Structure formats: C-alpha cells, structure tokens
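Descriptive analysis of the structure
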Amino acid sequence: MSSTALRSISISCEEGLDGVDGSARFSFRPSCSALASVSGPITARLAAEHPARATVEVHVRPLSSVPGTAEKSRGMAIREIVERSCLLAQHPRTLIQVVVQALTNPTPGYALLAAEINACTLALINAGSIAMRGVVCAVSVGRVKKGSVVSVEVDMADDAVLEGGGCFAFLFGFALSGPIKGSAPPCEDVWSTYSARPGSSFDQAELVRAREVAREAAAEVWQCMKNNIRRQKMVGEAQSPEEVVVKMEI
Amino acid sequence: MSSSSVTNPSAADEALRAQIFQRLHPRVYLERFIAEKIRPDGRTFDEWRNVSVNAGSISTADGSALVRMGETTIVCGVKAEIAEPELDRPEQGFLVPNIDLPAICSPKFKPGPPTEEAQVLSDRLNEALVASGALSLSSLCIHPGKAVWTLYVDCTCINYDGNAFDAALLAMLGALRNTTLPKATYNEETGRTTCSRKTRSPLPLTRNFASTSFGVLDTSHVLSDPTAFEEPLMDVMLTVIVDDRGELISTTESGGAISEETLLRCINRARERALELKD
C-alpha cells in the first residue's frame, strides 16, 4: 500500500451526458467509480429559491436498489462541499442541481464518497457556468492494523487489514493563503471525517498525520485533474490545445 | 423622531425590538453577543447546556431513555424482535437505529416523509453505534443460523433546539443500557424460539462513549453545544466522539479549515465532557 494507488485514477469528461450542463466520471480504480452531472443555474421551485444566493440540490444514487439514508448522508456532505466551494451569491434565486450516480458497489470505507466528490468537482468545471473559489479534491485514507500507519486506501483486499479510516476533502486555489507545495496551489480543508473500526480508537496525533497524508494525495489528484483538463477538447475546437503549436511572430 | 406620548421605551418594547432584530439579522445579532464573549442564551463559549437523562420511563419497551439537553428533548425506545440471521453472518444479530424529527418538535420540519435532516442523523447515529462497537452483534445470537435478536432503537425528538445528534446518541446509549432481553431458547425440533417471562438479562455493552459538537464562527470563536439559533450561522461544524477512556472514536468536520490548536482544544474539551457525562 503506497501512493502508487493513485496511478490508476481515471477521469473522463469526453463522452458527456446530453441533457445536462456538465458531467464527468471519476474513478480511483475500476472497482471505485462515480459519475456526476451538474445543471445550473436553472429555475428553482418557488419554495426552494433563496433571495440572495443559489440553492444547491444534490441527489446521490447507488448502483443498485433505491437511495437510502447512507446516500442522503453522502448527498448532504457533497452539498456542503459544493456550497462552500462555489460562489453562490452570483446566481440568486436559481438552482444548481447535482446528480451523482455510483457506478460500482459501495466500499466499506469512504473511497466511493471521495470518488463522488471528485466527480462533482469535474462536472462543475465541465459545466463552466458556476464560478468556484477553487477545485475540491477528496481522498480516502485507511489505517492499518496495529496502528500508526495511515495510507491511501488501495483496493478491496486491503480492506481486511484496515482498521478504520476517513475521507478528507481539500479546496485548492491559487487565491488561497498557504504554502505552495510542488505544483499544487495552496489548499484548505473543506470537509473531513475520520473514524476507527469497532473495538479500536485513535489519538489526535494520528488524526493530524492522516490529514497530512490526505493532503499530499489530494495534491496528486489535483494534478491528475489538471492533466486531464489540459487534454480535453473544448466545444468548437478541432484539435486539443496540446496539439496546437503556437508560434510567436517577431 | 419619537412621538410625544412615549418618552421611555418600556422593557417589553426593548425585548420586542431585540426579537425583531434577531429575526431580521440573525448573524449580526449573534456577532454582537460574540463580541461581548457571551452567547444569546447567556452561556459562555465553552459552556454546555444542562443534561438530564431519565431511563426506563416507557414500560412497554424493552428499554427506554428520555434525554433533555437544554431545550432539546429526545425520547428513545428499544424493542427486541427475533429474526433469522443473514446467510453470510449467521451469528450476528441486528441493531437498527433510527431517529425521527416530526413536525411537533420544530416549525422547520413539516409533516410528511422523513426530512433530509432526519435521514442524515439516522445514518450518522448508525455509523457512530457501529464504529464504536459498543454492542457486539454476536452477543445477540440465540442460535447460530436460526434465530437472532433484532434491536430496533427508535428515537423521536419532542423538542428541537439544536444539537440533536449528541442528545440522540446519549438517548440511544441510555436506552440500550436500560434494555433487558428475556432469556431465549431455540428448540431445534420444532424450529421455534421460546422466551422466558421471568428471567431477563441486560445487554452486554462493552464501551461507553459520548459525542460532543462544536460550531466555529470566523475561525476563532468555538461555541460548544450550539442551539437551533446558532447552528445555521456557524461556518464550521465539528463533532467528536470520545469513549470513556479518553480515546477518540470518530471525528467529523464540515465547512472549512480550522487550525490544529482549535481541533486539539475541541478534542480535549470532548474528553472532559465524556468524563462528566459518565454518570
């Protein structure tokens, strides 16, 4: 279990959904994948509109069976993250509707939630209609038995060894204050949860360490997102930006 | 500007004006109090509301508890049923926690299907009870593969004044501690389970824990145990679950960055609180 886990990240915004403003698919690995779509700003129901800012609605659908309380809980987490990262005051009395579809079965840890959060971020970027304070990248971490090592969650086989874990979401933006590590911009926490499996517990030093591990992994996710967006073709372009060579005229 | 008939505004007028101001500009109202280092209900930032737990008040349930945390009142009842276990977990019983926030508890909940808030709370309570492992599910087994106990832990909020999660978790644990199960024997020939009317035994709870919620305003003011008025105005909400040995079971933080010292301070406060609530 090492940070090579993030090498198998796959992002796809190319074959987008037709009826919505923006959509994206994000997967940490083939067994942990989510698809998100964003429509907005659109008309809000009279009861749901807010006079000073946009309303955010998030619907999370599991791969099988009807959405239950676990999906509602993930939906509320995603809604809080979207509300914190988008500039809602620019679109008063409108609705931003986010629909997330899980493409794989739920994992015992938080990896699916992290994939859903990343898919939402990419869908918002793909839509391009809502201004954002920054890009939210989320990762899930797991703690190894006999405990002090925290590492990025890898795959199902490791689940037997994991003794709990959590999910951390960070907002990356060059306008934020903070140190710039490597190529990633400064980041701030936006949402996090960390818990131990039945029978065990942790201390605050471990929580701080987990956050640092997650921060580095989230920076890698940010880099993956940036590489993918750089390669995307915008509407109306025949070739992607990387293929075009710009020559300076002197 | 003042009319000639009224020279001194009476205390009732002042109170009315303060109430109107609170309704129209809640955030500014709260900030004025924060600037004086006090909260609208008179508590300091670190103070908790009074908690009272009354166990065993519902005689028809196998276990019950009524918790009052300030004005927030939550009733919890535990009912036990016998069920067949799952095929891949033949020795584990079921623990089904649920919370309902009906229209009676607050004007912000309308009658109808459970609101998002109730569903999210139910899920969080389920996670908290499972993550802590306070009750081992294999202790609910009557006969492996044939009969297990199912415990339905149902909470209802009677009055909602913020921080329903802490109160509900306290109520659920109180009700579980109050629960007694009849002695059950499974008859292999007839395939039926018989329960004794006379012998009842309590649940083997392994761990005692408590949850503490904090709200952070402007990254520096940490208000513990927010009320229903303060909750929507907070920038960051933080919940820490600590067991009675002072070890962390889970932390959830939503809303933004809080500094490490704030986090550590909250964890320490949560530890003190868990010790206070031990009795």
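Everything numeric here is computed off the predicted structure, so don't read it as measured data.

Quick look at the overall build of chain A
Check the secondary structure of chain A and you find 4 helices and 9 strands. Going from N to C terminus, chain A has its helices and strands arranged as β-β-β-β-α-β-α-β-β-α-β-β-α. Scored against the burial criterion, the 250 residues of chain A give a buried share of 52%. Look at the contacts in chain A between residues 6 or more apart in sequence, and 68% of them connect residues 24 or more apart. When the accessible surface of chain A is summed, it comes to about 11700 Å², and 54% of that surface belongs to carbon and sulfur atoms.

Quick notes on the interface of chain B and chain A
Of the residues lining the interface, 29 residues belong to chain B; the matching set on chain A comes to 30 residues. Across the chain B/chain A interface, buried area totals approximately 2400 Å², and carbon plus sulfur atoms make up 48% of it. The largest per-residue losses of area from chain B upon contact with chain A belong to E116, L248 and E253 of chain B, which jointly make up 20% of the total buried on that side. Counting across the interface, chain B meets chain A through 2 salt bridges. Taken together, chain B and chain A are joined by 10 residue pairs in polar contact (both at pLDDT 80 or more). Secondary-structure elements contributing two or more residues to the side of chain B that touches chain A are α3 (116-132), β12 (248-254) and α5 (260-276) of chain B. Among the elements that line the side of chain B that touches chain A, the one with the most residues is α3 of chain B, at 9 residues.

Some words on the packing of aromatic side chains
All names here are of chain A. By the definition in use, this model includes 10 aromatic pairs over all chains. Ring geometry for F168 against F170: centres 6.5 Å apart, planes inclined by 10°, an arrangement best described as stacked. F170 matches F168 in its accessibility class, with the two residues each being buried. With a centroid separation of 6.4 Å and 35° between ring planes, the pair formed by F172 and W222 is classed as tilted. Within this pair, whereas F172 is found in strand β8 (residues 162-172), its partner W222 is found in helix α4 (residues 204-231), the two being separated by 50 residues in sequence. Judged by relative accessible area, which is 3%, F172 ranks as buried. W222 gets classed as buried once you look at its relative accessible area, which sits at 8%.

Quick look at the packing of helix α1 (residues 11-24) of chain B against helix α2 (residues 26-35) of chain B
Residue and element names in this part refer to chain B. With their axes 5 Å apart at the nearest point, α1 and α2 run at an angle of 115° to one another. In this structure, α1 uses A18, F21, Q22, R23 and L24 to contact α2, whose residues at the interface are P26, V28, Y29 and R32. Residue classes in the contact of α1 with α2 are distributed as 6 nonpolar, 1 polar and 2 charged.

Here we look at the sheet that holds strand β2 (residues 22-29) of chain A
Residue and element names in this part refer to chain A. Spatially, the 5 strands line up as an open sheet ordered β1-β2-β3-β5-β4, and their pairing is mixed. Pairing within the sheet leaves two strands with one partner each, and these edge strands are β1 (10-12) and β4 (55-61). Averaged over all pairs of adjacent strands, the angle between strand axes in this sheet comes to 15°, irrespective of strand direction. Looking at chain direction, β4 and strand β5 (residues 94-102) are connected through 7 bridges and run parallel. Its bridge partner being in β5, V60 is matched across the sheet by V100. Across the sheet, helix α1 (residues 69-85) touches β4 and β5, and the angle it forms with β4 is around 145°. Taken strand by strand, helix α2 (residues 111-127) contacts β1, β2, β3 (32-43), β4 and β5, and its axis lies near 150° from that of β2.

Side note on the UniProt feature "domain: Exoribonuclease phosphorolytic" (unreviewed entry) in chain B
Annotation from UniProt places "domain: Exoribonuclease phosphorolytic" (unreviewed entry) at residues 47-182 and 210-272 of chain B. Across residues 210-272 of chain B, the secondary structure splits into 21% helix and 43% strand, with the terminal C-alpha atoms separated by 10 Å.

Side note on the side chain of N208 of chain B
Residues and elements named next belong to chain B. As for its position among the elements, N208 is in the loop between β8 (192-202) and β9 (209-217). Reaching out from N208, the side chain makes a polar contact with the side chain of R177 at a distance of 3.4 Å. Those residues in contact with N208 that lie beyond four places of it in its chain are R177, D243, D244 and K278.

Observations regarding the packing of α1 of chain A against α2 of chain A
Residue and element names in this part refer to chain A. Here α1 crosses α2 at 40°, and the two axes come no closer than 11 Å. Viewed along their axes, α1 and α2 adopt a mutual orientation that is oblique. Crossing hand, α1 versus α2: right-handed. Only L112, L113, E116, I117, C120 and L124 of α2 make contact with α1, whose side of the interface consists of R74, I78, I81 and V82. Residue composition of the contact of α1 with α2, grouped by class: 8 nonpolar, no polar and 2 charged.

Observations concerning the confidence of the model for chain A
When pLDDT is averaged along chain A, the result is 83, and 84% of the positions lie at 70 or above. The weakest mean pLDDT in chain A belongs to helix α3 (residues 156-159) of chain A at 52; the strongest belongs to β5 of chain A at 96.

A short note on the UniProt feature "domain: Exoribonuclease phosphorolytic" (unreviewed entry) in chain A
Here, the residues flagged by UniProt with the feature "domain: Exoribonuclease phosphorolytic" (unreviewed entry) are residues 6-128 of chain A. Measuring from the first to the last C-alpha atom of residues 6-128 of chain A gives 26 Å, for a span that is 28% helix and 32% strand.

Here's the deal with the pairing of β12 of chain B
Across the 7 residues of β12 of chain B, 6 count as buried, placing the element largely inside the fold. Note that strand β9 (residues 187-196) of chain A and β12 of chain B share 5 bridges and pair antiparallel. By the bridge assignment for β12 of chain B, T193 of chain A is matched with T252 of chain B. Relative to β12 of chain B, strand β11 (residues 236-243) of chain B is paired through 6 bridges, and the arrangement is antiparallel. Bridging from a neighbouring strand, L238 of chain B pairs with E253 of chain B of β12 of chain B. The turn linking β11 of chain B back onto β12 of chain B is made up of 4 residues, and G246 of chain B within it adopts a positive phi angle of 85°.

Analysis parameters
Residues numbered from 1 in each chain as written. Chains lettered and ligands numbered in written order. Predicted model: local features only at pLDDT ≥ 70, side-chain atom pairs only at ≥ 80, totals over all residues. Heavy atoms only, no water. Helix = DSSP H or I, 4+ residues; strand = E, 2+ residues; numbered from the N terminus. Buried < 20%, exposed > 50% of the residue type's maximum accessible area, 1.4 Å probe, protein only. Contact = heavy atoms within 4.5 Å. Areas by Shrake-Rupley, 256 points an atom, 1.4 Å probe, with all protein chains shown as cover. Buried area = accessible area lost by both parts, 1.4 Å probe. Salt bridge = Lys/Arg side-chain N within 4 Å of Asp/Glu carboxyl O. Polar contact = N/O pair within 3.5 Å; in protein donor to acceptor, adjacent residues only side chain to side chain. Phe/Tyr/Trp six-rings, centres within 6.5 Å; stacked < 30°, edge-to-face > 60°. Axes fitted to C-alpha atoms, helices over the stretch in contact; angles between N-to-C directions. Nonpolar A, V, L, I, M, F, W, Y, C, P; charged D, E, K, R; others polar. Pairing = 2+ DSSP bridges. UniProt positions renumbered as here; feature names shortened; annotations may be inferred. Parallel < 35°, antiparallel > 145°, perpendicular 65-115°, else oblique. Left-handed = near helix turned anticlockwise from the far one by under 90°. pLDDT = per-residue confidence, 0-100.

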